[in-house]
Amino acid sequence: MSSFLAHRRDSARKHEQLRSSIARSPALCAHSSAATPTTSRSDAADNDADAKVLALSLSELAAACADNSVASSDVLHVYGRRALDAHEATNCLADIFLDEAESSNAGASHTLRPLAGVPVSIKDCIDVAGHDTTLGFSARAGHPARADAPLVRLLRDAGALLYAKSTLPTACLSFECSSDLFGATTNPYNPAFSPGASTGGGAALLAYQGSMVEVGTDIGGSVRYPAAYCGVYAVKGTHGRLPSTGCVSCTPGLESIPTITAPLARTLDDLQEFWRRVFEMRPWEYDQTCAPIPWRAVDYIATGQKLRFGVLADDGVIPPTPAAARALEEVTRALIKQGHEVVKFTPPSPLEGLKVGYQLMFSDGAHSVLADKRLGEFVGPALLTVRFILRLPLWLKRLNATFLRWFSRPWGRNEAWAALLEVFHPRTAYEERALVVERDAYRAAWFDAWRDAKLDLLLTVPHALPAVPMDPKASDKATLVSAGYAFLYNVLDCVAGAMPVTYVDAAQDAHPPDYQSAPAYLGMNDVARGVHDLYDAKAMHGLPVGVQVIGGRYQEEHVLAGMKVVEHALWESGRGFVPRKFQ
């Protein structure tokens, strides 16, 4: 009972703290004309001035702030107003501290600072001195970080404006972005759907132009799902390319599937510039976890190089829904039209990689990920289902897997689900080490298959669905097993980017009326059926849908350049993605 009461108390305090910060923020970022009688003419002038700032790219904005043609305080006020609008629409802010950002940048010289005046938001799980790092748990509220994470220090030194932290779900591992501490964050394109996984708050903020760059984390798609769901761009790098100290993991101590610090941006140009400019700051001098690898510029468009893309259209566990499949097909056609080579890629079984990955991630029985949970605290149903399955006796899971194999019809349709279920169990230290050996063997086999196929990059979907509905029962129906399209590249430690391609179209992307009686559906395993049952092209009409662009380890520059090739090909084919402008 004391745990429950402490949860209610600390959640209420956090709510009040955020309400107070939000309440005083409009005065901190008000237009200068607000001090005088307002006229429609002054409103129009203010809106025009805001629009000019918001239209600047990252490189343009940094240059304008460096030469003082734009004041960083004006940038902060413009983006602060947009952040408040975004929060009102989607509930995406975990904290906002415009006053701190203004005072820390007052009088600072922006000359030779690569991120001068660039507004950057920070995911809740990354340490910012004086502010909570909660991971959505009430037990972690009211205990502000004593020091900035090394990456946060780097950003401050580079001249970035840090003024907000974004929401995440309790314990992070979730398709919805909900917690008792912050409430539910919604998708800016449609509030009936999730903004994505644990960096969902940051993606919603970006879509609203409440930030230019969000610094998030990724352990199984946590920046790539939000990017795809909210129509923005993200790249998860290889572990060690960006500083990770102070970026608190939901699975502390897990080295076999590490949490990766990863940025998102509203445009691909801004994302690429952010990566490059961070490396101008020599991040390995800020954090010992960061590999001393300088930025190696790559530009396939300028050189005219034609690339060989592999395509993984189906991971063998959950086939993509029609809208997700169409986005991948549109990219493939656009690339071929531009003279690039696109081939089907047959890698080592993704199922085998996922079996190893899920066992490693939950080798402790999900104890660490839920260690801070208090009595009565909301946790996404999908994660609770994972814990429930982990707690079942292994013999019972093996028996259930046997029944799935014997009694599912058509014969063999539940093989993938049975194979995952029968190994999903806590592991001893000895067993975990054996799994790391299996992981490394799988990585080597993947590398060999990639080399033999002579691939430059790989294309696949971020998730089988364009977005997961907000109803918590939906994420439980999808289960964390459906994270495989993204999680596989955490297991491999490959570089993986996500980018929007098009929008769900109710007419083009609908399932046939009788799809549940079609051979394709009847042949799906139970988890795949659950995912496709959640798909509704009419309800999802207008949601962004995208692709992943995959590269090798430490190939961040190549993946970003490859994403530029995809973007260019789409525009050349008349199908470039235009993000919605939110008012």
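This report concerns the structure included in the present document. Please read all numbers here as calculations on a predicted model, not as lab measurements.

Take the overall build of the chain next. A tally of helices and strands in the chain yields 22 helices and 13 strands. At 23 Å, the chain has a C-alpha radius of gyration in line with the 25 Å of a compact globule built from 583 residues. Dimensions of the chain, computed from C-alpha atoms along their principal axes, come out at roughly 75 × 65 × 50 Å. Within the chain, buried positions represent 61% of all 583 residues. The contacts in the chain between residues at least 6 apart in sequence include a share of 82% that link residues at least 24 apart. When the accessible surface of the chain is summed, it comes to about 22,300 Å², and 55% of that surface belongs to carbon and sulfur atoms.

A separate point is the packing of helix 11 (residues 322–337) against helix 22 (residues 556–572). For any two helices packed against each other, one specifies the crossing angle of their axes together with the interaxial distance. Closest axis-to-axis distance for the helix 11/helix 22 pair is 8 Å, and the angle between their directions is 85°. Looking at the two axes, helix 11 sits roughly perpendicular to helix 22. Touching Glu330, Val331, Ala334 and Leu335 of helix 11 are Val565, Val566, Ala569 and Leu570, all from helix 22. The class makeup of the residues in the contact of helix 11 with helix 22 is seven nonpolar, no polar and one charged.

Attention now moves to the pattern of salt bridges. This structure, assessed with the given rule, holds 33 salt bridges. Linked by salt bridges that have partners in common, Arg9, Asp10, Arg13 and Arg374 make up one network.

Here we take up the environment of glycine 159. Residue position: glycine 159 is located in the loop between helix 6 (150–157) and strand 3 (161–166). In this structure, the C-alpha to C-alpha distance between glycine 159 and threonine 267, residues 108 residues apart in sequence, is 20 Å.

Turning our eyes to something else, we now look at the packing of helix 4 (residues 72–90) against helix 5 (residues 98–105). Running from N to C, helix 4 and helix 5 point in directions that differ by 170°, and their axes come no closer than 10 Å. One way to sum up the angle between helix 4 and helix 5 is to call them roughly antiparallel. Handedness of the crossing formed by helix 4 with helix 5: right-handed. Listed contacts from helix 5 to Ser72, Ser73, Leu76, His77 and Gly80 of helix 4 are Leu98, Ala101, Glu102 and Asn105. For the contact of helix 4 with helix 5, the per-class residue count stands at three nonpolar, five polar and one charged.

Side chains of Trp395, Leu396, Leu399, Phe403, Trp406, Phe407 and Trp411 sit close together on the surface and give an oily, nonpolar patch of about 850 Å² of accessible area. Along the chain, the position of tryptophan 395 falls in helix 14 (residues 394–407).

What you tend to see is this: most non-glycine residues have negative phi, and most peptide bonds are trans. Omega for the bond connecting arginine 409 with proline 410 falls within 30 degrees of zero, at 0°, which places this linkage in the cis form. Relative to the helices and strands, proline 410 is located in the loop between helix 14 and helix 15 (415–421). One non-glycine residue, alanine 366, lies in the positive phi region at around 70°. Structurally, alanine 366 can be placed in the loop between helix 12 (350–361) and helix 13 (381–391).

What follows is about the side chain of threonine 185. Mapped onto the elements of the fold, threonine 185 is located in strand 5 (residues 183–185). Since its relative accessible area comes to 0%, threonine 185 is described here as buried. Within the local environment of threonine 185, its side chain forms a polar contact with the backbone oxygen of asparagine 91, the two atoms lying 2.7 Å apart. A polar atom in the side chain of threonine 185 sits 2.7 Å from the side chain of threonine 167. If sequence neighbours within four positions are ignored, threonine 185 has contacts with Thr90, Asn91, Cys92, Thr167, Cys177, Pro195, Gly200, Gly201, Ala204 and Met470.

The next point concerns the nonpolar core. One finds Val120, Leu155, Phe362, Leu383, Trp446 and Tyr489 to be the most contacted residues of the largest nonpolar core, which totals 194 residues. The element contributing the most residues to this core is helix 22, with eight residues. Once residues lying within four places of it in the same chain are set aside, the contact partners of tyrosine 489 are Arg224, Lys236, Leu312, Trp446, Leu458, Thr460, Cys494, Ala496, Gln548 and Ile550.

This next bit is on the pairing of strand 6 (residues 213–218). Of all six residues that make up strand 6, six are buried, and the element is covered over most of its length. Sheet topology note: the strand 2 (residues 119–123)/strand 6 ladder contains three bridges and is parallel. Looking at the pairing, isoleucine 122 lines up with valine 215 of strand 6. Here strand 6 pairs with strand 8 (residues 260–265) via six bridges, running antiparallel. Residue valine 215 lies in a different strand from strand 8, and its bridge partner there is proline 263.

What follows is about the pairing of strand 10 (residues 341–344). Regular strands place their side chains on alternate faces of the sheet. Of the pairings in the sheet, the one linking strand 9 (residues 308–312) to strand 10 comprises four bridges and is parallel in character. Directly across from arginine 308, in strand 10, lies its bridge partner glutamate 341. Handedness of the β-α-β unit built from strand 9, helix 11 and strand 10 comes out right-handed.

A full pass over the atoms with the stated rule returns zero disulfides. Counting only cysteine sulfurs, cysteine 177 is the nearest neighbor of cysteine 92, a cysteine outside any disulfide, at a range of 9.3 Å.

The next point concerns the environment of leucine 543. Along the polypeptide, leucine 543 turns up in the loop between helix 21 (537–540) and strand 13 (544–550). Judged by relative accessible area, leucine 543 falls into the buried class, the value being 1%. Once residues lying within four places of it in the same chain are set aside, the contact partners of leucine 543 are Asn187, Tyr189, Asn190, Phe193, Ala467, Thr502, Tyr503 and Val504.

Time to look at the sheet that holds strand 8. Reading across the sheet, the eleven strands line up as 1-3-2-6-8-7-12-13-11-9-10 and stay open at both edges, with mixed pairing between neighbours. Looking at the sheet topology across the chains shown, the edges are occupied by strand 1 (93–96) and strand 10. Each strand of the sheet is rotated relative to its neighbour by a mean of 30°, with strand direction disregarded. Here two bridges tie strand 7 (residues 233–236) to strand 8, and the two strands are oriented antiparallel to one another. Of the residues in strand 8, the one forming a bridge with alanine 234 is leucine 264. Strands strand 6, strand 7, strand 9, strand 11 (457–460), strand 12 (496–503) and strand 13 of the sheet are contacted by helix 18 (residues 484–491), whose axis makes an angle of about 25° with strand 13.

What counts, and at which threshold
Residues numbered from 1 in each chain as written. Predicted model: local features only at pLDDT ≥ 70, side-chain atom pairs only at ≥ 80, totals over all residues. Heavy atoms only, no water. Helix = DSSP H or I, 4+ residues; strand = E, 2+ residues; numbered from the N terminus. Rg over C-alpha atoms; globule rule 2.2 N^0.38 Å. Buried < 20%, exposed > 50% of the residue type's maximum accessible area, 1.4 Å probe, protein only. Contact = heavy atoms within 4.5 Å. Areas by Shrake-Rupley, 256 points an atom, 1.4 Å probe, with all protein chains shown as cover. Axes fitted to C-alpha atoms, helices over the stretch in contact; angles between N-to-C directions. Parallel < 35°, antiparallel > 145°, perpendicular 65-115°, else oblique. Nonpolar A, V, L, I, M, F, W, Y, C, P; charged D, E, K, R; others polar. Salt bridge = Lys/Arg side-chain N within 4 Å of Asp/Glu carboxyl O. Left-handed = near helix turned anticlockwise from the far one by under 90°. Patch = residues over 30% accessible without salt bridge, like charges linked within 9 Å, V, L, I, M, F, W, Y side chains within 5 Å. Polar contact = N/O pair within 3.5 Å; in protein donor to acceptor, adjacent residues only side chain to side chain. Core = buried A, V, L, I, M, F, W, Y, C linked by side-chain atoms within 4.5 Å. Pairing = 2+ DSSP bridges. Right-handed = clockwise from strand over helix to strand, strands pointing away. Disulfide = S-S within 2.5 Å.

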